[in-house]
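Structural characterization, general
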Amino acid sequence: MSLKKDAVAAPFVQVEEDENGVLKNISFTNDENFNFAYDVVDKLAKKCPDKTAMIHISKEGKERAFTFYEMSRYSSKVANYLQYLGIRKGDHVMLVLKRHYQFWFAILALHKIGAVVIPATNLLLKSDFEYRFKTGKVDAILCTADGPVSREVDKATRSYRNLKVKIMVGASRKGWHSFNKEVKYFSSHFKRPRGEQAIHGDDPSIMFFTSGTTSYPKITTHNFKYPLGHYVTAKYWHQVDPEGIHFAISDTGWGKALWGKIYGQWLCEAAVFTYDFDDFDAKEILRMIERYRITTFCAPPTVYRVMVHLKLDQYDLSSLQNVTTAGEALNPEIYEKFRAKTGLTLMEGFGQTETTLIIGNLTGDKPRPGSMGKPTPQYDVRVMLQDGTLAAPEEEGEIVIRTSQGIPDGLFMEYYGDEEKTNAAWYDGYYHTGDTAYYDEDGYLWYVGRTDDVIKSSGYRIGPFEIENEIMKLPYVLECAVTAVPDPIRGQAIKASIVLTNGEEASDKLKSEIMKSLKKNIASYKWPKILDFTKELPKTISGKIRRKEIRDMDEGSEGKEENGKENEVENDIESNE
């Protein structure tokens, strides 16, 4: 079946559903010249000019609402402005704009010009910018006036001389163009480029720096077809309501923002909600959901881990129709607690900076706590063993995407400027995700960990997630990370780094209690040898736990007295059993 003829996505997306609206197949057509800014936003501006595209709340609490007509008009003004400053098709332009509403004007404007967008976080410092400018060959930057961002950029440009345009949003500073003062003088009409300047679907459109969990961040390059890949994300996973409002927590500095704050939602003609906060406050987020009658909500597991410790019955969440989570694996304990407190079922999903949604609990699926769900019809997903054969049910292997029969819209083009890393991940007709999982007999996928997170102890291959799930069941645990530490006998031993909830204090008694619980519920070869209480876990800018950083710290302190004392505690626990 095709979409309704009047749907903005209709010329580009064809879907096959069963009688219950469950997605069976999807294909993309007429995408060879697809451009989201022209083919979606500008068309919606004509079709439904007064329809709300975004409700925006500034950090000061000021509310703004933008229609599709306004998004089209303002993005054209910005496109004319950026062209006046010398930005052309193919230029690499970095956006460091937090959740400022100007981000939407800028990204659409750059799409209209045909420039390449590079979103980045405002947490970057001089050395971070130096690396990103050099490896991304950045030509221009639009950045927030908040905080030290512009000063750090200026420091980085002392060694990087190719940044030709610097634009500040929200204020002005010597050596920078002032976005707010200058853009108002430009026309709100911008013609779609034709001829040699025409923009094609296979042209590079957006580049994301990965989180860098194992090395310096790679640069994932996507083409102009990438937004189409998020139709499934929004329609069947978020399950957005065209008459509702979708709220995604993510900051515009990383890839997840494009999953939940623009592409798929507007392809489905749904409004997005943006709260430009500096510091996360779960209670304030819940108040926003209540006040603005949010219909669909997406956040990483970390957010739900905090929420389940609040009195959720004090908030009116009745407007919520669907809640989703991704970014890292969701612990079943959090899934169950959230459902018990709200009646809402968390629909987990899995994807990467290199992809759109690969695996998820979609419309019509019955989630299984702890499972990522099933592969979407958009991707040909397999689980592959180390020898290159495909895994049978219950066999752990790497999640791969078959591309020998065609590359789906949504899958990246390459790691920019790094053929070696591209070829290391994409070969023999498969893209290798670097994540491990297994299928059950019913086709649900269960996450194990990154390939470099797998612990090899005494001949066993142990995924950290199962152990973390058991620890997360304890009411006084807020977060945990299970990693390997060097061990002269086992090769690697298991360490659990634990963050306690407010009011709980670390003690040997608590360690003993945790170990007793684990020994009742998981096999002996999975028991941690070391329990370490910490105030926080190292994380990437996108909120994922950096297990590699924990491992690196442990490898650097191998044999130190501190580890010896922890081992003594473990021995005491064993002797008291």
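Just above, that's the structure.
For clarity, every value in this text was computed on a predicted model and none was experimentally measured.

**Re unusual backbone geometry**
For N30, which is not glycine, the phi dihedral falls at a positive 55 degrees. Notably, E394 is not glycine yet its phi reads approximately 75 degrees, a positive angle. Mapped onto the elements of the fold, E394 is located in the loop between β19 (381-384) and β20 (397-402). Take E394: its relative accessible area is 47%, and that puts it in the partly exposed class.

**So, the environment of M54**
Inspection of the secondary structure puts M54 in strand β3 (residues 52-57). Taking C-alpha positions, M54 is 8.9 Å from Y101, a pair spaced 47 residues apart along the chain. Setting aside residues up to four positions removed in sequence, M54 forms contacts with R64, A65, F66, M71, Y101, W104, V272 and T274.

**Quick word on the pairing of strand β12 (residues 245-248)**
Side chains I245 and F247 of β12 all project onto a buried face; the interleaved residues H246 and A248 project onto the opposite face, where all are buried too. Alignment of β12 against strand β13 (residues 271-275), held across three bridges, turns out to be parallel. Looking across to β13, one finds that F247 is bridged to F273. One ladder, built from three bridges, connects β12 with strand β14 (residues 296-298); its direction is parallel. By the bridge assignment for β14, F247 is matched with F297.

**With respect to the pattern of salt bridges**
Following the criterion strictly, the structure yields 31 salt bridges and no others. D380 is the salt-bridge partner of R382, the closest N and O atoms lying 2.9 Å from each other. Assessed through its relative accessible area of 23%, R382 is described here as partly exposed. A salt bridge links K421 to D418; its shortest N-O distance comes to 4.0 Å. The partly exposed category is assigned to D418, whose relative accessible area is 24%.

**Focus on the packing of helix α1 (residues 36-47) against helix α3 (residues 102-113)**
Running from N to C, α1 and α3 point in directions that differ by 125 degrees, and their axes come no closer than 8 Å. Classified by the angle between their axes, α1 and α3 sit oblique to one another. Seen from α1, the contacting residues are F36, A37, Y38, V41 and D42; seen from α3, they are L108, H111, K112 and I113. Here the residues of the contact of α1 with α3 are counted per class, giving six nonpolar, one polar and two charged.

**Let's talk about the packing of helix α2 (residues 68-84) against α3**
For the pair α2 and α3, interaxial distance at closest approach is 8 Å and the crossing angle is 65 degrees. Seen from above, α2 lies across α3 with right-handed handedness. Residues M71, S72, Y74, S75, S76, V78, A79, L82 and Q83 of α2 touch α3, and the partners they reach there are W104, F105, A106, L108, A109, L110, K112 and I113. Of the residues assigned to the contact of α2 with α3, the class counts are twelve nonpolar, four polar and one charged.

Cut-offs and rules
Residues numbered from 1 in each chain as written. Predicted model: local features only at pLDDT ≥ 70, side-chain atom pairs only at ≥ 80, totals over all residues. Heavy atoms only, no water. Helix = DSSP H or I, 4+ residues; strand = E, 2+ residues; numbered from the N terminus. Buried < 20%, exposed > 50% of the residue type's maximum accessible area, 1.4 Å probe, protein only. Contact = heavy atoms within 4.5 Å. Pairing = 2+ DSSP bridges. Salt bridge = Lys/Arg side-chain N within 4 Å of Asp/Glu carboxyl O. Axes fitted to C-alpha atoms, helices over the stretch in contact; angles between N-to-C directions. Parallel < 35°, antiparallel > 145°, perpendicular 65-115°, else oblique. Nonpolar A, V, L, I, M, F, W, Y, C, P; charged D, E, K, R; others polar. Left-handed = near helix turned anticlockwise from the far one by under 90°.

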